[in-house]
Amino acid sequence: MTVQSGTATGLGIVLESFRQSFCALRVDPAPLDVTDAFWSAEAGRFVAPRSYGPLPDARVIGYAAFGGALVSKYEKDATGRVIRDDGIPRIRRFSAVQVVMACLCVSALRNTSLHEIGDALEGTHRLQGYRRWHLRTLTAAIRARYPSFEPSQDSFFLFAGTPQCVMQRIALNALWLQQIVACGCGVLDQCSDAEARLMGDVFPPDVLRGDTQSLQEHSYMWQRPLWEPRSAEFLAAKVAARQVRLRQRRA
C-alpha cells in the first residue's frame, strides 16, 4: 500500500492530542463474537479476509468504543473514490489519530477497525477481503448487543484467531486505549498488575526483556512502507513500565 509521508510530531504530543480530541470516548472491553457475520448465504460459506484463518474454527471477536469513529485511513479523490496506485489503495498521510492506532496495532495486537473499512467502502467495492455486505451484517451483529451503535460515530475493533488468544489481545488493546484516553502521554509510565499479566500472555520473552531489535520487529508494519517508528517507541515504553512494576512487586 502507498502511504504519504507522516508527521514528525513526537509520541508524547501525539498521545496528548488524542486524549484531548477523544476525552469523551467510552471503551467497552467486553468481547463480542461476530464470526457469523462473515457467513455468506449466497456463497454457502464463510467469506472473510484470508489473514483471519479458516472460519469458524478461527473466530472473529471484537470490542466497541463509543463517541469516536476510528479511523479514516485511505486517500480519496474529489468524488469520494479510494485512490489506487497500480491497484493498491493509497494510505493517507498519518494523522495523530492514525499514529495512536498504529501503537495499538503492534504485531501481537493486530486488528481491523470497522470504521476504517466502512469509510473506505464508501468509495470502493471491496477492500482487505471485505465487501459492502459485511458492513450490514457486522453492524447488525453489534447492534444485537448495542442497539444505539452507529458506525459513523462509534468504533468496533475486530481481532481474529483462537478464542483464548483473541480474548487476551482484546483485553490488552482495550486497556491501552482506555489508558490513552484517560492519561495521554502518562500512559507511557504506567503498568498495572493486570496489564503486566496480559503483556506476559501476549508478547514473546525477547520483547518483554526489552530487546531493541525485537521491539522493532513487533512494532506496526516493521520493514514495510507503512512502518510507524513511534509504535516501537510506545511498545518499548510499556515494556519498561512493566519491568518497573515487576521489580516493585518483588521488592
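Residues numbered from 1 in each chain as written. Predicted model: local features only at pLDDT ≥ 70, side-chain atom pairs only at ≥ 80, totals over all residues. Heavy atoms only, no water.

Novice: Can you walk me through the overall build of the chain in this structure?
Specialist: If you tally the helices and strands in the chain, you get 9 helices and 11 strands. For 251 residues, the compact-globule estimate of 2.2 N^0.38 gives 18 Å, and the C-alpha radius of gyration of the chain, at 18 Å, lies within 12% of that figure. The contacts of the chain with a sequence gap of at least 6 include a subset with a gap of at least 24, amounting to 74%. Just so you have it, the chain exposes about 11,700 Å², and 50% of that area is on carbon and sulfur atoms. Side chains of the chain give 30 positive and 24 negative charges; the mean places of these two sets differ by 1 Å. (Helix = DSSP H or I, 4+ residues; strand = E, 2+ residues; numbered from the N terminus. Rg over C-alpha atoms; globule rule 2.2 N^0.38 Å. Contact = heavy atoms within 4.5 Å. Areas by Shrake-Rupley, 256 points an atom, 1.4 Å probe, with all protein chains shown as cover. Lys, Arg positive; Asp, Glu negative; His and termini not counted. Charge placed at Lys NZ, Arg CZ, Asp CG, Glu CD.)

Novice: Explain the state of the cysteines to me, please; I cannot follow it from the model alone.
Specialist: Disulfide: a covalent bond connecting the sulfur atoms of a pair of cysteines. Counted according to the given criterion, the structure contains 0 disulfides. Looking at the unpaired Cys-23, the closest cysteine sulfur is the one in Cys-183, lying at 13 Å. Free cysteine Cys-185: the closest other cysteine sulfur is in Cys-183, separated by 9.2 Å. For Cys-185, a relative accessible area of 32% corresponds to the partly exposed category. (Disulfide = S-S within 2.5 Å. Buried < 20%, exposed > 50% of the residue type's maximum accessible area, 1.4 Å probe, protein only.)

Novice: Whenever I open this one, the packing of helix H5 (residues 163–183) against helix H6 (residues 193–202) confuses me. Can you help?
Specialist: Between H5 and H6, the shortest axis-to-axis distance is 9 Å and the interhelical angle comes to 135 degrees. Taken together, H5 and H6 sit at an angle that is classed as oblique. Handedness of the H5/H6 crossing: left-handed. Residue-level inspection shows Gln-168, Arg-169, Ala-171, Leu-172, Leu-175, Trp-176 and Gln-179 of H5 in contact with H6, the latter providing Glu-195, Leu-198, Met-199, Asp-201 and Val-202. (Axes fitted to C-alpha atoms, helices over the stretch in contact; angles between N-to-C directions. Parallel < 35°, antiparallel > 145°, perpendicular 65-115°, else oblique. Left-handed = near helix turned anticlockwise from the far one by under 90°.)

Novice: Hey, could you run me through the packing of aromatic side chains in this one?
Specialist: The relative placement of two aromatic rings is captured by the distance of their centres and the angle of their planes. Applying the stated criterion across every chain yields a total of 13 aromatic pairs. Relative to Trp-227, the ring of Trp-222 lies with its centre 5.0 Å away and its plane at 80 degrees, an arrangement referred to as edge-to-face. Feature note: the residues Phe-38, Tyr-52 and Tyr-130 constitute an aromatic cluster, connected by ring pairs. (Phe/Tyr/Trp six-rings, centres within 6.5 Å; stacked < 30°, edge-to-face > 60°.)

Novice: Please explain the layout of surface pockets as it appears in this structure.
Specialist: Any empty space left between the atoms is revealed when a probe the size of a water molecule rolls over them. Empty space within the largest pocket amounts to approximately 700 Å³. Forming the boundary of the largest pocket are 34 residues, of which Lys-73, Arg-110, Asn-111, Thr-112 and Gln-128 lie nearest the centre. Of all the elements in the fold, those that place two or more residues in the lining of the largest pocket are helix H2 (96–103), strand S8 (112–113), strand S11 (155–161) and H5. Ranked by the residues each element gives to the lining of the largest pocket, the list is headed by S11, at 4 residues. Estimates place the volume of the second largest pocket at around 180 Å³. If you list the elements that add at least two residues to the lining of the second largest pocket, you get helix H3 (114–121) and helix H4 (132–145). The greatest single-element share of the lining of the second largest pocket, amounting to 4 residues, is contributed by H3. (1 Å grid on protein atoms, 1.4 Å probe; cavity = no way out; pocket = protein on both sides within 12 Å on 5 of 7 lines; lining within 4 Å. Points joined across faces, edges and corners; volume = space filled by probe spheres on them.)

Novice: I would appreciate a short explanation of the nonpolar core in the present structure.
Specialist: What tends to happen in soluble globular proteins is that the nonpolar side chains get buried as a cluster. Counting 77 residues, the largest nonpolar core has Phe-18, Met-101, Leu-158, Leu-177 and Phe-203 as its most contacted members. With 8 residues, the top contributor of residues to this core is H5. Filtering out sequence-adjacent residues up to four positions away, Met-101 remains in contact with Phe-18, Leu-70, Val-71, Phe-157 and Leu-177. (Core = buried A, V, L, I, M, F, W, Y, C linked by side-chain atoms within 4.5 Å.)

Novice: Mind showing me how you'd approach H3 here?
Specialist: Two residues of an α-helix separated by three or four positions point the same way, owing to the 3.6 residues in each turn. With respect to burial, H3 is a largely interior element, 8 of its 8 residues being buried. Buried residues belonging to H3 abut S8, strand S9 (126–127), strand S10 (130–131), H4 and S11. The residue sitting at the N-terminus of H3 and contributing the capping side-chain oxygen is Ser-113; that oxygen lies 3.3 Å from the backbone nitrogen of His-115. (Polar contact = N/O pair within 3.5 Å; in protein donor to acceptor, adjacent residues only side chain to side chain.)

Novice: Would you take a moment to explain the pattern of salt bridges for this structure?
Specialist: For side chains of opposite charge, pairing can occur when their charged atoms come near one another. Counted under the stated rule, the structure contains 11 salt bridges. A salt bridge links Asp-193 to Arg-245, with the shortest nitrogen-to-oxygen separation between them at 2.9 Å. Highlighted residues: Asp-193 in helix H6 and Arg-245 in helix H9 (residues 229–250), separated in sequence by 52 residues. Note that Glu-228 and Arg-230 form a salt bridge whose closest N and O atoms lie 2.7 Å from each other. By relative accessible area, Arg-230 is classed as buried at 9%. Within this structure, Lys-76, Asp-119 and Glu-122 form a network of salt bridges that share partners. (Salt bridge = Lys/Arg side-chain N within 4 Å of Asp/Glu carboxyl O.)

Novice: Help me understand the pairing of S11 in this model?
Specialist: For a regular strand, side-chain orientation follows a simple rule: the groups alternate between the two sheet faces. With 7 of 7 residues buried, S11 is to be regarded as a mostly interior element. A two-sided burial pattern is seen for S11, the buried positions comprising Ser-155, Phe-157, Phe-159 and Gly-161 on one face and Phe-156, Leu-158 and Ala-160 on the other. Inspection of the sheet shows strand S5 (residues 59–66) paired to S11 by 7 bridges, in the antiparallel sense. Across the sheet, Arg-59 pairs through a bridge with Gly-161, a residue of S11. Summarising the sheet, S8 and S11 pair through 2 bridges and their orientation is antiparallel. Bridge pairing in S11 places Ser-113 opposite Phe-157. (Pairing = 2+ DSSP bridges.)

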